[in-house]
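Survey of secondary and tertiary structure
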Amino acid sequence: MDTATHFAMGFGLAGLAYVDPVVASDPRLAIAVMVATIVGSQAPDFDTILRFKDNATYIRNHRGMSHSLPFMALWILLIGVGTSLLIHPAGIWHVLLWTAIAVMVHVFTDLFNTYGTQAVRPFSDTWISWNIINIFDPFIFSTHILALLLWITGLVAPAPLFITLYVVIALYYVWRTVTHFVLTKKVEELDIENGRSPEPDGHYVLIPTISLRRWHVVHAKKDGSYRMGWYSPDRLIWADYIESMEHPAIEASRQHRDIRALLYFSSYTVSEVEETSTGYIVRWADVRYRHRRQYPFVGVVVMDRNYNAIDSYVGWLSPDKMNDRLGLHVG
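Quick caveat, the model's predicted, so the values are computed rather than measured.

Calculation criteria
- Residues numbered from 1 in each chain as written.
- Predicted model: local features only at pLDDT ≥ 70, side-chain atom pairs only at ≥ 80, totals over all residues.
- Heavy atoms only, no water.
- Buried < 20%, exposed > 50% of the residue type's maximum accessible area, 1.4 Å probe, protein only.
- Helix = DSSP H or I, 4+ residues; strand = E, 2+ residues; numbered from the N terminus.
- Pairing = 2+ DSSP bridges.
- Axes fitted to C-alpha atoms, helices over the stretch in contact; angles between N-to-C directions.
- Contact = heavy atoms within 4.5 Å.
- Core = buried A, V, L, I, M, F, W, Y, C linked by side-chain atoms within 4.5 Å.
- Parallel < 35°, antiparallel > 145°, perpendicular 65-115°, else oblique.
- Left-handed = near helix turned anticlockwise from the far one by under 90°.
- Nonpolar A, V, L, I, M, F, W, Y, C, P; charged D, E, K, R; others polar.
- Expected span 1.5 Å × (residues − 1).
- UniProt positions renumbered as here; feature names shortened; annotations may be inferred.
- Salt bridge = Lys/Arg side-chain N within 4 Å of Asp/Glu carboxyl O.

Let us now look at the pairing of strand β3 (residues 226-232). A large share of β3 lies buried, amounting to seven of its seven residues. Of the two faces of β3, both are covered, the one formed by Y226, M228, W230 and S232 as well as the one formed by R227, G229 and Y231. Pairing of strand β2 (residues 215-220) with β3, which is carried by six bridges, proceeds in the antiparallel orientation. In the strand pairing of β3, W215 is matched with Y231.

And the structure:
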């Protein structure tokens, strides 16, 4: 989820903590729990600081080790014990419990979007991304804000209010999960080209958008090419087809750390090469993030004629700004 939603969830879990009669009867403990749930709801994303090093390090590691099983335990201990010692030492077990809930809810909800996490490290470094909930979900965010307003104004007691909120959100996650499964099957059936073949040509990935009724669709074909489109009720529209080029410059670019970072993170990439008067420009793009007919999540390497890297970039960058970012003013 996005930072704002995780922040709102931190407050929401503090309200849910009032189901614990010890927390509800001790204002100081309630404050300690609130601090712990807010910080715990943000802690796995503290690796955002890696941006200050470089984008390759950030992309390769964001939502990686910081969301892993060992780090979840570390966040719980550091935040739970630290908060308890500073505010309410006698309530340490209650603070630890709600810190654990906050940290685990953060990691669990991140599994549902397209970016995903490496939540099962150290057992596997696989990126788990279920493509079910958009990274910013208006329903989840707005229901939290509404519940917090009802709590702040005193119109509804926190325990029943937040029990209701999280039951509704749990049902919402179940509904979206079932919908994603059903629609993935339906997209396969609607695809006319697939209907002409006895077996599916590759697999289909439905990616959530901010709209509940519209999904981006990626058809990853067996030959490594992709079709991109969108689905809304009973309509499947293909908007683009893209495949990787073959060139020695592309193969050489695989050794560059920026490209390695992108390929480590994504299994849905395509590459292209452009020859210039001084060498080559190799571009890799993650096809899952198509936006306004462009693919802004890219890795780019500028090379000389001997395939030596001159400049590079990895991250979010529109094609319109790519030349300025890399100082390219040549044809």
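Strand order in the open sheet formed by four strands is β5-β6-β7-β8, with antiparallel pairing between adjacent strands. Looking at the sheet topology across the chains shown, the edges are occupied by β5 (269-275) and β8 (309-316). Taken over all neighbouring pairs, the strand axes of this sheet differ in orientation by 10° on average, direction set aside. Relative to β8, strand β7 (residues 297-304) runs antiparallel, the two being bridged by seven bridges. If you follow V301 over to β8, its bridge partner there is S312. Together, β5, β6 (279-286), β7 and β8 form the strand contacts of helix α11 (residues 257-265), whose direction differs from that of β7 by roughly 150°.

Looking now at the nonpolar core. Membership of the largest hydrophobic core comes to 40 residues, with the highest contact counts inside it found for V23, V33, I133, I140, F162, Y166 and Y173. Sorting the residues of this core by element identifies α1 (3-16), α3 (27-42), α5 (69-87), α6 (92-110), α7 (138-152) and α8 (158-190) as the ones contributing at least two each. Once you skip the residues sitting within four places of it in the chain, V33 turns out to touch A17, V23, H94, V95 and W98. Grouped together as the second largest cluster of nonpolar side chains are 20 residues, Y115, I250, F265 and Y289 included.

This part is about the sheet that holds β2. Strand order in the open sheet formed by four strands is β1-β2-β3-β4, and the pairing between neighbours is antiparallel. Every interior strand has two partners, whereas the edge strands, β1 (203-208) and β4 (235-242), have only one. Across the sheet, the mean angle separating the axes of adjacent strands is 25° when strand polarity is ignored. Lying on the sheet, α8 is in contact with β1, β2, β3 and β4; it crosses β1 at an angle near 135°.

With their axes 10 Å apart at the nearest point, α1 and α6 run at an angle of 140° to one another. In this view, α1 runs oblique relative to α6, as classed from their interaxial angle. Relative to α6, α1 is oriented so that their crossing is right-handed. Here H6, M9, L13 and L16 of α1 come into contact with α6, specifically with W98, I101, A102, V105, H106, T109 and D110. Of the residues contributing to the contact of α1 with α6, the split by class is seven nonpolar, three polar and one charged.

With 19 residues, α6 should cover 27 Å at 1.5 Å per step; its first-to-last C-alpha distance of 27 Å lies within 8% of that length. Taken together, the buried positions of α6 are occupied by V95, L96, W98, T99, A100, A102, V103, H106, V107, T109 and D110. Where the residues of α6 are buried, they touch α1, α2 (21-24), α3, α5 and α8.

Listed under "transmembrane region" (unreviewed entry) in the UniProt record, and renumbered for this structure, are residues 71-89, 95-115, 127-151 and 157-175. Helix makes up 76% of residues 95-115 and strand makes up 0%, while its end C-alpha atoms are separated by 30 Å. Taken as a whole, residues 127-151 contains 56% helix and 0% strand, while its terminal C-alpha atoms sit 37 Å from one another.

For the structure shown, the criterion picks out eleven salt bridges. The salt bridge partner of R254 is E251, with a shortest N-O separation of 3.5 Å. Residue E251 is classed as partly exposed on the basis of its relative accessible area of 47%. One salt bridge connects E275 with R305, and the closest N-O pair in it is separated by 2.6 Å. Placement of the pair is E275 in strand β5 and R305 in the loop between β7 and β8, with a sequence separation of 30 residues. Residue class for E275 comes out exposed when judged on its relative accessible area of 51%. What you see here is one network of salt bridges that share partners, running through E272, E274 and R283.

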